[in-house]
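An overview of the molecular structure
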Number of protein chains: 4
Amino acid sequence: MSEENPLRDQILDISRHMLFEDGYTSLSMRKIAKQANVSATSIYLYFENKDHLLHTLIEESVEDLSLFIESKALPVTENIERFKKIIESYVDFGLQYPEKYEIIYKVRPESMARYPKEKFRKARRAYELLVKTIEDSVSAGDMEVEKPLVAAYSIWAQLHGVVSVVLNKRLDSRIDQKQFIEDSIEHVVQGFLVRTTVS
Amino acid sequence: MSEENPLRDQILDISRHMLFEDGYTSLSMRKIAKQANVSATSIYLYFENKDHLLHTLIEESVEDLSLFIESKALPVTENIERFKKIIESYVDFGLQYPEKYEIIYKVRPESMARYPKEKFRKARRAYELLVKTIEDSVSAGDMEVEKPLVAAYSIWAQLHGVVSVVLNKRLDSRIDQKQFIEDSIEHVVQGFLVRTTVS
Amino acid sequence: MSEENPLRDQILDISRHMLFEDGYTSLSMRKIAKQANVSATSIYLYFENKDHLLHTLIEESVEDLSLFIESKALPVTENIERFKKIIESYVDFGLQYPEKYEIIYKVRPESMARYPKEKFRKARRAYELLVKTIEDSVSAGDMEVEKPLVAAYSIWAQLHGVVSVVLNKRLDSRIDQKQFIEDSIEHVVQGFLVRTTVS
Amino acid sequence: MSEENPLRDQILDISRHMLFEDGYTSLSMRKIAKQANVSATSIYLYFENKDHLLHTLIEESVEDLSLFIESKALPVTENIERFKKIIESYVDFGLQYPEKYEIIYKVRPESMARYPKEKFRKARRAYELLVKTIEDSVSAGDMEVEKPLVAAYSIWAQLHGVVSVVLNKRLDSRIDQKQFIEDSIEHVVQGFLVRTTVS
DNA sequence: TATGAATGAGCGTTCATTCAT
DNA sequence: TATGAATGAACGCTCATTCAT
């Protein structure tokens, strides 16, 4: 996967940054090449075409997201704590690596229609971890959730909404960002621990 | 506002659809024209330029979303019920009018920089209703929320995440869409009613 | 020639002004129409097409130039004085009616290739007056010029160069415009009166 | 400056010719490309945009005019002779290289507004030589001119008028071109040598 | 491994003009 | 006398990509 080539990596870095800064529309092979101080042709030595470049970017971001969450959550063995850690680290990743985070969701659908479906499977590693953690919690009697699959996806979606709002700077100017994030996480988590807490 | 011109409306419809299907990047005046079976020049008889066309689309969608939510939620007078209705109708709008819903969020960075700021105010009408409803609920002792502003925004964000996942067809194939939506709404709502329920 | 129609005249005025201010390239039927507060189509009621409009403009300017010079020079009966008057009034016309003056020379060659040759004849009326005046002066022994035709044309050309420099604002900033004009006229005239003066 | 590229040179040649034949308005990147039998895109490999192409053309013409006059006039050391030589070579350049000559004056208002001011300085080299020559002549007592600056500019303007008439083929058909030029030069020169001649 | 030269397709936009009313 | 609707052609320019070296 990592072919250990400096120019290749530089192209990916530049592309990722340009994508984040100026959006998909302004991303062009020429501009990437210019910023990398190489000819546009050179990019084709490492990436078959623009689509492949983008797909590599997505793949890489998805992998990093999974690794990040795993590195934070796997060490935690207690069920509820791991559950919280996954949620927390998902948001953290989005805020710490906005360029990578955005790629996962932003590029669509102009080029994603051509993104090989099987790659999506891999993207689910972190999600599967969340599912498993919920299931474990339920098995251990730490949580009451009827459909872990659905719950996990719902959490995923809600977190994505929260992170997106922040990254897109759509937050109401009267709202403190840090508080918004904390409250939102709290809210998402609370929605699941409720009955447990009550009992 | 509605100048009652069939071609103008057709252009808006086609644009909205193309935007939804292929994304902002592949939206072109020429393609719109071709699909409307008119010359590209004709579009300029109804819209000053591409930006104006897009802004018209956004404005229209934003207005429709507000109207939709208001028409569903305003008739409901009980606080908590109205609160639920707003949430429910927001999601409903997204699912019933996906093309309009997506425009509100999708067009952004490229052309939105030029979208007149004052128009954004109008976009907040539904959001302000949510804030007010939460405040009313708190005043009436129906809900315990410290920061209604933050809460409303957080709900907004989470709902957007949920709707997005569905519209982008990113839902796990093992998950039933209807259930996902119901559970998600339930979850978002529940996160707020918790303490009330408990008491 | 003058069909006495106010809109027709307004179109000519606007065109003349736009031509002068922004050059031929920016002259468009649309813009003329917009400034006249009529539809673009309306222009075609008075002018067959853009070329005809331009040709009308040229014709009119040429006519005005002739009339202007004649009105100034014909009353003067003394040969040399009339000679000077023609020269002087040519320059005066250029400075007083720059918009009309420029049209005569500026529009070329993009649309002039299609300007009917016979119209050029009429343009020569003032020039023919100059030729005749020189010939009269020579006959009367007031001037010594071998080829009045050539002389007249040469004067014409030189004066045009002088007027052009001023109208195009190409004058060296260190040079006073009024002095430049006076000296230039003096110079052109002097070149012909020389031998007379000497004798 | 001369990067020795055949296509680049061909583009310049074609542009220069088209500019001369059809005027600035009808000069288009596409037409140039078509005539050079290359794609329009190719032009952009050698010129950043249309303005740059035009500016290159102007620069080149201005430089050539200066070089031409200098090469003819500098070898001549006697003041009056050099004075005549400058005038003569200016006209000669216009007649020998009409395409280059016209560019200097024709391109103007549309694109010249964006022509870098400092480049104009260089354009004055030949004019400054004329000024200096007049000054030298006056110092040496060979000529009586009160304002060399004004005189030089006036000569410049008159010569331009003469050359323009010829190049624009506006010459009266009854007039022999060669004689027109000779007489005009004679006339311009004579206007200045007058008092000298008389004394 | 890298490039320079070249291209066809497409973009948003403006234009002069036509036609039915 | 006047217009609104419509168009085909053209414009400057950018793009992803190819090919020979």
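Residues numbered from 1 in each chain as written. Chains lettered and ligands numbered in written order. Predicted model: local features only at pLDDT ≥ 70, side-chain atom pairs only at ≥ 80, totals over all residues. Heavy atoms only, no water.

For chain A, the name recorded in an unreviewed UniProt entry is TetR/AcrR family transcriptional regulator, with Gracilimonas halophila as its organism.

Residues and elements named next belong to chain A. Closest axis-to-axis distance for the helix H5 (residues 79-96)/helix H6 (residues 98-106) pair is 5 Å, and the angle between their directions is 105°. Classified by the interaxial angle, the pair formed by H5 and H6 is roughly perpendicular. Within the contact between the two elements, H5 uses Tyr90, Phe93, Gly94, Leu95 and Gln96 and H6 uses Pro98, Lys100, Tyr101 and Tyr105. Counted by class, the contact of H5 with H6 contains six nonpolar, two polar and one charged residues. (Axes fitted to C-alpha atoms, helices over the stretch in contact; angles between N-to-C directions. Helix = DSSP H or I, 4+ residues; strand = E, 2+ residues; numbered from the N terminus. Parallel < 35°, antiparallel > 145°, perpendicular 65-115°, else oblique. Contact = heavy atoms within 4.5 Å. Nonpolar A, V, L, I, M, F, W, Y, C, P; charged D, E, K, R; others polar.)

Moving on, we come to the protein's contact with DNA strand F. In the vicinity of DNA strand F lie 33 residues, with Ser42 and Tyr46 of chain B, Ser42 and Tyr46 of chain C together with Arg30 of chain D positioned nearest. Across the atoms of DNA strand F situated within 4 Å of the protein, the share located in sugar and phosphate is 49%. Side-chain polar atom of Ser42 of chain B to a phosphate oxygen of DNA strand F: 2.4 Å apart, as the coordinates give it. Within the side chain of Lys50 of chain D, one N or O atom sits 2.8 Å away from a phosphate oxygen of DNA strand F. Of all elements in the fold, only helix H2 (29-36) and helix H3 (40-46) of chain A, helix H3 (40-46) of chain B, helix H3 (40-46) of chain C together with helix H2 (29-36) and helix H3 (40-46) of chain D reach the threshold of two or more residues within the surface near DNA strand F. Residues belonging to the surface near DNA strand F are distributed by class as follows: 14 nonpolar, 12 polar and seven charged. (Near = heavy atom within 4 Å. Polar contact = N/O pair within 3.5 Å; in protein donor to acceptor, adjacent residues only side chain to side chain.)

Contact residues are listed per partner, giving 41 residues for chain A and 41 residues for chain B. Carbon and sulfur atoms supply 59% of the area buried between chain A and chain B, which totals about 3,700 Å² over both sides. When residues of chain A are sorted by the area they lose upon contact with chain B, Tyr153, Arg170 and His187 of chain A head the list and together hold 19% of the total. Remark: the boundary between chain A and chain B carries two salt bridges. Note that Arg174 of chain A and Glu128 of chain B form a salt bridge whose closest N and O atoms lie 3.7 Å from each other. In terms of residue class, the side of chain A that touches chain B is built from 20 nonpolar, 10 polar and 11 charged. (Buried area = accessible area lost by both parts, 1.4 Å probe. Salt bridge = Lys/Arg side-chain N within 4 Å of Asp/Glu carboxyl O.)

Bringing the protein's contact with DNA strand E into the picture now. Residues in contact with DNA strand E amount to 33 residues; listed here are only the nearest, Ser42 and Tyr46 of chain A, Arg30 of chain B together with Ser42 and Tyr46 of chain D. Taken together, the sugar and phosphate atoms account for 49% of what DNA strand E places within 4 Å of the protein. Interatomic distance of 2.8 Å between a backbone N/O atom of Met29 of chain C and a phosphate oxygen of DNA strand E. Those elements that provide at least two residues to the surface near DNA strand E are H3 of chain A, helix H2 (29-36) and H3 of chain B, helix H2 (29-36) and H3 of chain C together with H3 of chain D. Grouping the constituent residues of the surface near DNA strand E by class yields 14 nonpolar, 12 polar and seven charged.

Moving on, we get to the interface of chain C and chain D. The interface of chain C with chain D comprises 41 residues on the first partner and 42 residues on the second. Around 3,700 Å² of area is buried between chain C and chain D when both sides are counted, 59% of it from carbon and sulfur atoms. Looking only at chain C, the three residues that lose the most surface to chain D are Tyr153, Arg170 and His187 of chain C, adding up to 19% of its buried area. Applying the counting criterion to the chain C and chain D interface returns two salt bridges. Seen at the junction of chain C and chain D, the total is 12 residue pairs in polar contact (both at pLDDT 80 or more).

This part is about the packing of aromatic side chains. In total, this model carries 34 aromatic pairs over all chains according to the counting rule given. Between Phe68 of chain C and Tyr97 of chain C the ring centres are 5.9 Å apart and the planes differ by 80°, which places this aromatic pair in the edge-to-face class. Placement of the pair is Phe68 of chain C in helix H4 (residues 50-73) and Tyr97 of chain C in the loop between helix H5 (79-96) and helix H6 (98-106), with a sequence separation of 29 residues. Look at Phe180 of chain C and Tyr153 of chain D: their rings are 6.1 Å apart centre to centre, the planes differ by 80°, and that puts the pair in the edge-to-face class. One end of the pair, Phe180 of chain C, is in helix H10 (residues 177-198); the other, Tyr153 of chain D, is in helix H10 (residues 148-167), on a second chain. The class of Phe180 of chain C is buried, set by a relative accessible area of 0%. In textbook terms, an aromatic cluster arises when at least three aromatic residues are bridged by ring pairs, as seen for Phe180 of chain A together with Tyr90, Tyr101, Tyr105, Tyr127, Tyr153 and Trp156 of chain B. For Lys100 of chain A, the ring lying beneath its charged end belongs to Tyr97 of chain A, and the centroid distance is 6.0 Å. (Phe/Tyr/Trp six-rings, centres within 6.5 Å; stacked < 30°, edge-to-face > 60°. Buried < 20%, exposed > 50% of the residue type's maximum accessible area, 1.4 Å probe, protein only. Lys NZ or Arg CZ within 6 Å of the ring centre and 35° of its normal.)

A word on the UniProt feature "DNA-binding region" (unreviewed entry) in chain A. Under the local residue numbering, the UniProt record ascribes the feature "DNA-binding region" (unreviewed entry) to residues 28-47 of chain A. Here residues 28-47 of chain A runs as 75% helix and 0% strand, with 14 Å between its end C-alpha atoms. (UniProt positions renumbered as here; feature names shortened; annotations may be inferred.)

Looking now at helix H1 (residues 6-22) of chain D. Residue and element names in this part refer to chain D. The terminal C-alpha atoms of H1 lie 24 Å apart, and with 17 residues this matches the ideal 24 Å at 1.5 Å per residue to within 8%. Leu7, Arg8, Ile11, Leu12, Ile14, Ser15, Arg16, Met18, Leu19 and Phe20 are the residues of H1 that are buried. Residues of H1 that are buried sit in contact with H2, H3, helix H4 (50-73) and helix H6 (98-106). The backbone nitrogen of Leu7 lies 2.9 Å from a side-chain oxygen of the residue at the head of H1, namely Asn5. A positive backbone phi angle near 85° is found at Gly23, which sits one or two residues after H1. (Expected span 1.5 Å × (residues − 1).)

Moving on to the relation of the copies chain A and chain B. Superposition of the two copies of the chain requires a rotation about an axis together with a shift along that axis. For the pair chain A and chain B, the best superposition has an RMSD of 0.6 Å and corresponds to a rotation of 177° with a translation of 0.0 Å parallel to the axis. Between the two chains, the operation in question is that of a two-fold axis. Mapped onto chain B, 90% of the interface residues of chain A are again interface residues, and the two copies thus contact each other with one and the same surface. (Least-squares fit on C-alpha atoms with pLDDT ≥ 70 in both.)

So, on to the pattern of salt bridges. Under the definition given, this model contains 36 salt bridges over all chains. Between Lys100 of chain A and Asp64 of chain A there is a salt bridge, with its nearest N and O atoms 2.5 Å apart. Here the residue Lys100 of chain A occupies a position in helix H6, and Asp64 of chain A occupies one in helix H4 (residues 50-73), the gap between them amounting to 36 residues. For Lys85 of chain B, the salt bridge goes to Glu88 of chain B, with nearest N and O atoms at 3.3 Å. Of this pair, Lys85 of chain B and Glu88 of chain B both sit in helix H5 (residues 79-96), three residues apart, which is roughly one turn of that helix.

Looking now at unusual backbone geometry. Residue and element names in this part refer to chain B. Positioned with a positive phi, Lys169 is a non-glycine residue whose angle comes to about 55°. With respect to the secondary-structure elements, Lys169 resides in the loop between helix H10 (148-167) and helix H11 (177-198). Given the relative accessible area of 71%, Lys169 is considered exposed.

This brings us to the domain arrangement of chain A. All names here are of chain A. Domain annotation of chain A identifies domain 1 (1-47) and domain 2 (54-198). When the two sides are added together, the surface that domain 1 and domain 2 hide from each other amounts to roughly 1,200 Å², 71% of it contributed by carbon and sulfur. The largest per-residue losses of area from domain 1 upon contact with domain 2 belong to Arg16, Phe20 and Tyr24, which jointly make up 55% of the total buried on that side. Linking domain 1 with domain 2 are one salt bridge, by the criterion used here. Arg16 is the partner of Glu60 in a salt bridge, and the nearest nitrogen-oxygen pair spans 2.9 Å. At the junction of domain 1 with domain 2, the criterion picks out two residue pairs in polar contact (both at pLDDT 80 or more). Residues that form the side of domain 1 that touches domain 2 fall into these classes: seven nonpolar, two polar and two charged. (Domains from an automatic or database assignment.)

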